[in-house]
Amino acid sequence: MNIAVTPPLSNGPRPAMYYYDTFDRAFVEERVAQFRDQVERRLSGALSEEEFRPHRLMNGLYLQLHAYMLRVAIPYGTLSSTQMRQLAVIADKWDRGYGHFTTRQNIQFNWPKLIDVPDILQALAEVEMHAIQTSGNCIRNVTADHFAGAAADEIEDPRPTAELIRQWSTNHPEYCFLPRKFKVAVTGAEHDRAAVLLHDIGLRIVKNAQGEVGYCVIAGGGLGRTPMVGKIVRDFVPRADLLAYLAAVLRVYNSYGRRDNKYKARIKILVHETGLDEFKAQIEAEFAALDRSGTNADPEEFARIAAYFVPPEFDAGASSAAFEAAKAKDAGFVRFAETNLSAHKAKNYAIVTVSCKPIGGVPGDVTSAQMRLLADVADKYSAGELRISHEQNVVLPHVKLDDVHALWQALQTAGLATANAGLITDIIACPGMDYCSLATARAIPIAQAISTQFADPERQKLIGKLGIKISGCINACGHHHIAAIGILGLEKSGRESYQITLGGDPTFKAAIGERLGPGLEADEVPHVIENLVAIYLNERQGDEAFIDTYRRVGQAKFKPALEREVEDGSHL
Amino acid sequence: MAQLKHPQILFANDLKDGEVLFLGAKGWVRDHRIAKIAATSEEIASMQAVAAVDLAANRVLDVYPVDVTLSPDGHPEPIHYREKMRTLGPSMRLDLGKQANGVEFGDI
Amino acid sequence: MALISEGFFTENCWTLLKAEEAWPFNGDILVPLERAGEAAAIKRVGRLGVLLPNTAKIETVVPLFDEISLLAVNFPAFSDGRGFSLARLIRRAGFKKELRAHGALVPDQYASALACGFESVEISDERAIRQPQEQWRAAYLARDVAYQRGYANVGSILDRRRAAK
C-alpha cells in the first residue's frame, strides 16, 4: 500500500519540514467535518454554549471584545511559502486583510464569523494547517527554537521532537480535559531561544555520558498570575522513552492538578504545592507502572519524521562578495545587516529576522500583501521556508549572504525592513484591550508610543539589545515577566495603569522581573522608559546588555526612573 | 420601583458573526447609541427576560448589563473604558470595528 | 438515568443508591464508594456496582474488583477529565468487567471515554433529551484511527504506518 505524501502545492522549492501523509490528512479533514457538525448543532441549539465552548476552544476559536478570534496553529513556528500564501487568502476572504503573529508562534485572525469558520478550517486543511488545540485545557502548540535547523550553535534540530509530541498530543483521549492549558517547548542549541524554563514542560536536547541523545525535562515553569521558573524533574530521559515519560507527567497533572481555582490550576502550582521531590517521585512511580512499549514512539517513526527536517543542500561555493560590496555602498543596509542577521551553520549563509515591528506600528500584525511578499522572498531566497518567532517576528532561515541585499530591498517595498531585531523598538506586545476580552488595559498603544520615542536608529544602536515586553493583563501573554523591561497593564480606579518590572530573562539564565514601583498613567510610560535607558547608559560597563547591567548594579539604581516632577517642581 | 445606581443598557454578542449587540426598543441593534436604556431594576430585569429568549433561541450569547451615563444628546455611553472599547473597536485601527461606521472615538 | 452502549440508549437495569437511602432487596444496585462497605452485611438479590468519585485512589478500588459486577466513575463536569486517567489505572490494574462513565459527558467525549477503557456511559434523563441517541451513535461511528498507541482506539496511526511499509 502506498501512503500518499502530499505533493508540493507551489512550483517553488519544497521546504524541509513535515508533510502530512494520508493519515495526517484524513485526521485534519475529519476534524473539519466534525467542527462543521458541532457548529450546526450549536446553531440549532442541540449544543448549548457551555457544551459547545470546549469544542470551540479546542478548534482555536475565541470570543473576544469585538468579534470572534481564530488562532491558527503554526507548529513550532515553521511555515512554508504555500502556507503563508493561504494565510493571506484567508485574511482577505474571511477577515479584514491582516493577521497577528503571537508569542507562541501562532497566527490570529481577529474578525472571523462563526458560520465561516468551518470553511476557514477547510482552507487551512488544504495546506496542511489547522487550529486544533490552540486553546482549551489541553496540550497546546509545541514551540521550538525559531532558528532551528539553521543556527550555528545548534546541537540538534528540536523540530522532529516537537513534531513527534504534536502528533502524540493531538486529540489525546486522556489529556483533552486537563485542569488547565499545557504548554511545551523544545530547544536543541547552546542558547535557548524557546524559553524552555518558562513552560509547563520544557525539553532540552542533551547527550548523556555514553553519547546517547535524550532530553533534560523541566517542569512547572510559567508566567501569568504566579510566574515561576521551571525545575528539572529528570536530567536525562532517553529519546526512546520520551512519550512514555510525558504520559507519566500528564497523568500526574491530570489526576492531581487543582481544579478548584482557575488561577491555581497550572502544573507549576502542583509542583510548588506538592514539593519537587514528591512530584518527581509521583512521575517516576507512574513512569515505572505504565506500559512503556505501548506508549512510546517507534524509533523508526522518529526517524521517519526527522527525515523531513534534513536541511536543504547548502551551496558550498556561496560567497559574501556581493554582500560586502552592498554594505560598502549603503549605510541603511549596513544597519540591517548588523542587526537583523544571525549566525548560520553554513558558510556565507545567514538567518534573517524580518521585523514585524515597524516604528509606531502594531507589533506582530502583518497584512495579506505583506504575507504574499514574505512567501515570495521565502521561495526566492530561503528555500521556501519561513519561521514565526515567539517574539512576533518572521524569520527566513536559510539566506545566502550574497542574497541579503536583494532580499532587503524587496522587504523595503512592503515595510518589512525595519532594522531593529532585538533592539528597544522590537517590542513584544499582546493584543491587549484593543482586542482581548481578558485584558485589563491596552498594550499596543504603549508599544507604539515607546517605539516612536526611540525611533532614531543611531540611538537604538547605542542602546543595544534591550527587550521590552508588554502584557495587557495578568495572564501575561506578552511575557512581560521575562523581559528586561516588562510592562503590565492593569486597571486602577477606573483607568488604565501600567506597572514596570525589571530584570526578566527568558534564556537558560531565566529570571522573573521585579516590580519597580507603583503603576503609571499611559502617557507617563515612554518618559519612564527614557529615564530607565538613561540610567542604564550611565551605569553600563563596556557593551553590557541592559539585563547584565541590571544584575550588576541592582534595582535600587533604577528607582529614580519613576520620579516625576509635580507642578510645584517637587518630586514624587 | 428601585432606581438603578446608573442607567444601564444590555450588551450581547451575535452568535453567528460575533459582533457586539445591544438590546434596542425592538430586538438587537449594532449601534449602542440607540440601545434601550433601563433606569430601574424592573426595567433591566424585563430587558434581561427578553434577552433570555434570544439566548435560548441561539441567536445571541454572553448577555450582561452595562452601566452608562447619558450624553448631551441622550445617548447612552458606557462608563467603564472596557465597555466603551466594545462600542468602538481597536483604538489604533479606526478603520475597524463599529467606529468605522461613524461612531466617534474621543477620549476613553 | 439513560445508559448508552455502542451509541444506543439501552435498558438500564441499574439503580443508583442515594446517600441516606436503604438498600432495596432486589435489583442491580450502584452504590457510592463510601457505602460499598455496607454490602458485605446486606442480604439481597442482584448485582453490585460501585460508583467512584473521580478522585478515588486506585489502591482503594482494587480490593473491590472481585465482588462487583460494575465500576462507574463519576464525571462531575464534562470539563473535568480526571475520570479518563482513573479509567486507565483501573484497566491497568486488571479490571475486566464493565467500566462506566457516569454523569456529565457530552457525545463529543464518547470516543475519548471508550478509548480510555470505558464500555458504557450513563447520563441524566435531562441530558438524554438534549443529546439524543443520534448524536451518541454518530460519535460512536465516527471513531477513527488515533495518533496515540495503547488506547482502546479503532486503531493507531502509528500501527497503520508500520503496516503500510
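Just so it is clear, the structure is predicted and the values come from calculations on it, not from any experiment.

Engineer: Would you explain the overall build of chain B in this entry?
Structural biologist: If you tally the helices and strands in chain B, you get 2 helices and 6 strands. Shown N-terminal to C-terminal, the secondary structure of chain B runs as helices and strands in the order β-β-β-β-α-β-β-α. Taking 13 Å as the expected radius of gyration for a compact globule of 108 residues, we find that chain B reaches 14 Å, a close match to that expectation. Referenced to the eigenvectors of the C-alpha coordinate spread, the extents of chain B come out at roughly 40 × 35 × 20 Å. A total of 108 residues make up chain B; the buried ones form 31% of that total. Counting only contacts in chain B whose residues sit at least 6 apart along the sequence, the fraction spanning at least 24 positions is 51%.

Engineer: I keep staring at the overall build of chain C and nothing clicks. Help me out?
Structural biologist: Of regular secondary structure, chain C possesses 6 helices and 8 strands. Of the regular secondary structure in chain C, the N- to C-terminal order runs β-β-β-β-β-α-β-α-β-α-β-α-α-α. Over its C-alpha atoms chain C spans a radius of gyration of 17 Å, differing by no more than 12% from the 15 Å that the globule rule assigns to 165 residues. Each of the 165 residues in chain C was classed as buried or not, and the buried ones make up 41%. The long-range share in chain C, meaning contacts at least 24 apart out of those at least 6 apart in sequence, stands at 46%.

Engineer: Help me understand the interface of chain A and chain C, please; the structure alone is not making it clear to me.
Structural biologist: When the parts come together, some accessible area is lost, and that loss is often what is quoted as the size of the interface. Facing the 28 residues of chain A at the interface are 28 residues of chain C. Those elements giving two or more residues to the side of chain A that touches chain C turn out to be α1 (22-44), α2 (49-58), α5 (159-169), α6 (242-256) and α9 (292-295) of chain A. Tallied by class, residues from the side of chain A that touches chain C come to 10 nonpolar, 10 polar and 8 charged.

Engineer: What exactly am I supposed to notice about the pairing of strand β6 (residues 70-75) of chain C here?
Structural biologist: The side chains of a regular strand alternate, residue by residue, between the two faces of the sheet. Residue and element names in this part refer to chain C. For β6, a buried count of 6 out of 6 residues is recorded, marking the element as mostly surrounded by other parts of the structure. Alternating residues of β6 divide into L70, A72 and N74 and L71, V73 and F75, and every residue in both groups is buried. The pairing of strand β5 (residues 48-52) with β6 spans 4 bridges and is classified as parallel. Opposite V50, over in β6, you have L71 as the bridge partner. As judged from the 6 bridges shared by β6 and strand β7 (residues 98-103), these two strands associate in the parallel manner.

Engineer: Teacher, can you tell me more about helix α18 (residues 546-553) of chain A here?
Structural biologist: Because an α-helix packs 3.6 residues into every turn, residues spaced three or four apart end up facing the same way. All names here are of chain A. All of the buried residues along α18 are F546, I547, T549 and Y550. Projection of α18 onto a plane perpendicular to its axis shows the buried side chains occupying an angular sector of 160°, all on one side. As for α18, its buried residues are in contact with β19 (495-502) and α17 (525-539).

Engineer: Would you mind going over the sheet that holds strand β13 (residues 365-367) of chain A with me for this structure?
Structural biologist: All names here are of chain A. A sheet is described by the order of its strands in space; here 5 strands give the open sequence β1-β2-β5-β4-β13, paired in antiparallel fashion. The two strands at the open ends of the sheet, each matched to only one other strand, are β1 (61-63) and β13. Neighbour-to-neighbour, the strand axes of this sheet turn through a mean angle of 30°, independent of strand direction. Note: strand β4 (residues 98-101) against strand β5 (residues 107-109), 2 bridges, orientation antiparallel. For F101, the partnering residue across the bridge sits in β5 and is I107.

Engineer: I tried to follow the environment of W136 of chain C on my own but got confused; where do I start?
Structural biologist: All names here are of chain C. Within the secondary structure layout, W136 lies in helix α5 (residues 133-141). For the pair W136 and W23, spaced 113 residues apart in the sequence, the C-alpha separation amounts to 32 Å. Beyond its immediate stretch of four places on either side in the chain, W136 contacts I4, G7, P107, Y110 and Q131.

Engineer: Even after reading the chapter, I still don't get the sheet that holds strand β16 (residues 428-429) of chain A, so can you show me in this structure?
Structural biologist: Sheet strands pair via backbone hydrogen bonds, and the direction of the pair is either parallel or antiparallel. All names here are of chain A. Pairing within the open sheet is mixed, and its 5 strands lie in the order β16-β17-β18-β19-β20. At either margin of the open sheet sits one strand with a lone partner, and together these are β16 and β20 (514-515). Two elements, strand β18 (residues 485-492) and β19, share 8 bridges in a ladder whose sense is antiparallel. By the bridge assignment for β19, E491 is matched with E496.

Engineer: Got a minute to help me understand the interface of chain A and chain B in this structure?
Structural biologist: Between chain A and chain B, the contact holds 23 residues from the first and 21 residues from the second. Elements represented by at least two residues in the side of chain A that touches chain B include exactly α1 and α15 (444-453) of chain A. Take the side of chain A that touches chain B: its biggest share by element is 3 residues, from α15 of chain A. Looking at the side of chain A that touches chain B, its residues break down into 12 nonpolar, 4 polar and 7 charged.

Engineer: Hey, could you run me through the confidence of the model for chain C in this one?
Structural biologist: Regions with low pLDDT carry predicted coordinates that are not meant to be interpreted in detail. Looking at chain C as a whole, its pLDDT mean stands at 94, while 100% of the residues score no less than 70. Model confidence for the complex: the whole-complex pTM is 0.94, and ipTM, which rates the interface, is 0.97.

Engineer: Teacher, can you tell me more about the packing of helix α13 (residues 368-381) of chain A against helix α14 (residues 401-412) of chain A here?
Structural biologist: Any two packed helices are characterised by the angle at which their axes cross and by the distance between the axes. Residues and elements named next belong to chain A. Their axes nearest at 11 Å, the elements α13 and α14 cross at an angle of 170°. Put simply, α13 runs roughly antiparallel to α14. Counted together, L373, V377 and Y381 of α13 and D403, L407, A410 and L411 of α14 form the full contact between these two elements. Looking at the contact of α13 with α14 residue by residue, the classes come out as 6 nonpolar, no polar and 1 charged.

Rules used throughout
Residues numbered from 1 in each chain as written. Chains lettered and ligands numbered in written order. Predicted model: local features only at pLDDT ≥ 70, side-chain atom pairs only at ≥ 80, totals over all residues. Helix = DSSP H or I, 4+ residues; strand = E, 2+ residues; numbered from the N terminus. Rg over C-alpha atoms; globule rule 2.2 N^0.38 Å. Buried ≥ 20, exposed ≤ 12 C-beta atoms within 10 Å, placed from the backbone. Contact = placed C-beta atoms within 7 Å. Nonpolar A, V, L, I, M, F, W, Y, C, P; charged D, E, K, R; others polar. Pairing = 2+ DSSP bridges. Arc of directions from axis to C-beta. Axes fitted to C-alpha atoms, helices over the stretch in contact; angles between N-to-C directions. pLDDT = per-residue confidence, 0-100. Parallel < 35°, antiparallel > 145°, perpendicular 65-115°, else oblique.

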